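Results of the structural survey
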Amino acid sequence: MSDVNQEITAPSTPFHQFTVPLSATPRGARLARLLAAERLRSWELPLDPARLIVAELAANAAVHGRVPGRSFRLTLTVTAHGVLRIEVTDPRGESAPVRRSAPPEPAESGYGLLLVEESADDWGVSSGPFPCKTVWAELELGRFR
């Protein structure tokens, strides 16, 4: 017999969710950006800065998270609270990005995560399932409508 005073909570379910595995190549990174833009359009959400964030995270997965024969995964989730979460999961869990204020010296690369830092409301890295890591960024959609 159940306790009638027990609080009933609904499971936390996303408002929208999209997940796709992609090859860890420049072509896969480009496809991630194009698929994300199409999905955001279908959800009637603003494309930018989400498109830029997807492009940077997918490019990093293809370059720094690449393991031959393994793909990376793009996941877009919109919560009922109006937050777009962008996740890119790759098989190189031992190679996690680090927050930094600027590249150590002028270079042609190294600015991608600075763009993510400036564009997203929050971002970070979570490990697992072994050997993977997920680099994620969140956007509060109310700011961009």
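Let us look at the structure shown here. (Residues numbered from 1 in each chain as written. Predicted model: local features only at pLDDT ≥ 70, side-chain atom pairs only at ≥ 80, totals over all residues. Heavy atoms only, no water.)

**Considering the environment of Ala61**
Locating Ala61 in the fold gives a position in helix α2 (residues 50-63). Note on Ala61: relative accessible area 2%, which makes it buried. The spacing of Ala61 and Ala29 is 32 residues in sequence and 7.9 Å in space, taken between C-alpha atoms. Apart from the residues lying within four places of it in its own chain, the contact partners of Ala61 are Ala24, Arg66, Phe72, Val88 and Asp90. (Helix = DSSP H or I, 4+ residues; strand = E, 2+ residues; numbered from the N terminus. Buried < 20%, exposed > 50% of the residue type's maximum accessible area, 1.4 Å probe, protein only. Contact = heavy atoms within 4.5 Å.)

**Quick notes on the pairing of strand β3 (residues 83-90)**
One face of the sheet, then the other: side chains in a regular strand alternate in exactly this way. Among the eight residues in β3, seven count as buried, and that is most of the element. Between strand β2 (residues 71-78) and the antiparallel strand that follows it, β3, lie four residues; Gly82 among them carries a positive phi value of about 80°. (Pairing = 2+ DSSP bridges.)

**A few points about helix α3 (residues 112-119)**
Here α3 has its buried residues at Gly112, Leu113, Leu114, Val116 and Ser119. Here the buried face of α3 lies against α2, β4 (122-127) and β5 (133-140).

**Some thoughts on the pattern of salt bridges**
One pass over the full model with this rule turns up six salt bridges. Taking the shortest distance from any N to any O, the salt bridge between Arg51 and Asp48 comes out at 2.9 Å. Judged by its relative accessible area of 43%, Asp48 is partly exposed. (Salt bridge = Lys/Arg side-chain N within 4 Å of Asp/Glu carboxyl O.)

**Looking at the nonpolar core**
Ile53, Leu57, Phe72, Leu74, Leu76, Leu84 and Ile86 are the most contacted members of the largest nonpolar core, which has 34 residues in total. At seven residues, α2 tops the list of elements feeding residues into this core. Non-local contacts of Leu74, meaning those with residues more than four positions away in its chain, are made with Phe18, Thr19, Val20, Leu22, Ala32, Ala36, Val54, Ile86, Glu87 and Val88. (Core = buried A, V, L, I, M, F, W, Y, C linked by side-chain atoms within 4.5 Å.)

**Remarks on the sheet that holds β3**
The antiparallel open sheet is built from five strands, whose spatial order is β1-β2-β3-β5-β4. Strands at the two margins of the open sheet, each flanked by one partner only, are β1 (16-23) and β4. Direction aside, the axes of adjacent strands within the sheet are offset by 15° on average. Along the sheet face, helix α1 (residues 26-42) touches β1, β2 and β3 and points at about 165° away from the line of β1. Along the sheet, α2 contacts β2, β3 and β5; its crossing angle with β3, the most-contacted strand, is approximately 15°. (Axes fitted to C-alpha atoms, helices over the stretch in contact; angles between N-to-C directions.)

**With respect to the side chain of Thr77**
Its location among the elements puts Thr77 in strand β2. We classify Thr77 as buried; its relative accessible area is 12%. For Thr77, the side chain forms a polar contact with the side chain of Gln17, separated by 3.2 Å. (Polar contact = N/O pair within 3.5 Å; in protein donor to acceptor, adjacent residues only side chain to side chain.)

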